[in-house]
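Residue strings, one per chain:
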Amino acid sequence: MTELVITLDLDGVTDKPGLMDRCAETLELPDWFGRNWDALADSLSDPSVWPAEAADGLLVVVRNWQPYAKTRPEEWEIAQEVFTAAVNRAPSLTVMLALGGSS
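Residues numbered from 1 in each chain as written. Predicted model: local features only at pLDDT ≥ 70, side-chain atom pairs only at ≥ 80, totals over all residues. Heavy atoms only, no water.

Topic: the nonpolar core
At step 1: Leu-40, Val-62, Trp-76, Phe-83 and Leu-93 are the most contacted members of the largest nonpolar core, which totals 33 residues.
At step 2: Elements represented by at least two residues in this core include exactly strand E1 (4-9), helix H1 (16-26), helix H2 (37-44), strand E2 (58-63), helix H3 (66-71), helix H4 (73-89) and strand E3 (93-97).
At step 3: Beyond its immediate stretch of four places on either side in the chain, Val-62 contacts Leu-8, Leu-10, Trp-76, Phe-83, Val-95, Met-96, Leu-97 and Ala-98. (Core = buried A, V, L, I, M, F, W, Y, C linked by side-chain atoms within 4.5 Å. Buried < 20%, exposed > 50% of the residue type's maximum accessible area, 1.4 Å probe, protein only. Helix = DSSP H or I, 4+ residues; strand = E, 2+ residues; numbered from the N terminus. Contact = heavy atoms within 4.5 Å.)

Let's talk about the sheet that holds E2
At step 1: Taking strand neighbours across the sheet as the criterion, the 3 strands line up as E1-E2-E3 in an open arrangement whose pairing is parallel. The strands lining the two open edges of the sheet, one partner per strand, are E1 and E3. Here the strands of the sheet are splayed against their neighbours by 20° on average, with no regard to which way each runs.
At step 2: In this sheet, E3 lies alongside E2 in parallel orientation, the contact comprising 5 bridges. Across the sheet, Leu-58 pairs through a bridge with Leu-93, a residue of E3.
At step 3: Sheet contacts for H4: E1, E2 and E3; angle to E3, the most-contacted strand, approximately 150°. (Pairing = 2+ DSSP bridges. Axes fitted to C-alpha atoms, helices over the stretch in contact; angles between N-to-C directions.)

Side note on the environment of Leu-99
At step 1: One can find Leu-99 in the segment after E3.
At step 2: In this structure the C-alpha to C-alpha distance between Leu-99 and Leu-40, which are 59 residues apart in sequence, comes to 23 Å.
At step 3: Those residues in contact with Leu-99, other than ones at most four positions away along the chain, are Trp-65 and Gln-66.

Focus: H1
At step 1: Listed in full, the buried residues belonging to H1 are Leu-19, Met-20, Cys-23 and Ala-24. Buried residues of H1 fall within an arc of 130° about the axis and therefore sit on the same side. Of the exposed residues in H1, those oriented more than 90 degrees away from the buried face are Pro-17 and Glu-25.
At step 2: Buried residues belonging to H1 abut E1, H2, H3 and H4.
At step 3: Of the residues that open H1, the one with a side-chain oxygen 2.9 Å from the backbone nitrogen of Gly-18 is Asp-15. (Arc of directions from axis to C-beta. Polar contact = N/O pair within 3.5 Å; in protein donor to acceptor, adjacent residues only side chain to side chain.)

Here's the deal with the pattern of salt bridges
At step 1: Under the defined criterion, the tally for this structure stands at 4 salt bridges.
At step 2: Between Arg-72 and Glu-75 there is a salt bridge, with the nearest N and O atoms lying 3.6 Å from each other.
At step 3: Accessibility expressed as a relative area gives 16% for Glu-75, which makes it buried. (Salt bridge = Lys/Arg side-chain N within 4 Å of Asp/Glu carboxyl O.)

Some details on unusual backbone geometry
At step 1: The residue Glu-28 is not glycine, and still its phi comes out positive at about 50°.
At step 2: On the basis of relative accessible area, Glu-28 is assigned to the exposed category, the value being 57%.
At step 3: One non-glycine residue, Arg-35, lies in positive phi territory at about 55°.
At step 4: Looking at the secondary structure, you find Arg-35 in the loop between H1 and H2.

Below you can see the structure in the form of structure tokens.
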């Protein structure tokens, strides 16, 4: 079994709408994705909306998140809570924060 690895690059993301747009684009979320925290949690934890290649699991690597976290710490805290809740609801989902500087 090999899980699908998707890199969620937050380079240039400065606010929640930007984060939601980047998630929708990168994770190929469905048209009904409401671009809010609940919709993100629901989409991340629902394997039926994942790409077909993620049948054995999905690993989302979040990179270049530090500038967003520094600019919008309250939003970033909520984003981390959403990622954690989604992982707890979908055992075949892993979300990892890549360490290191921005590119």
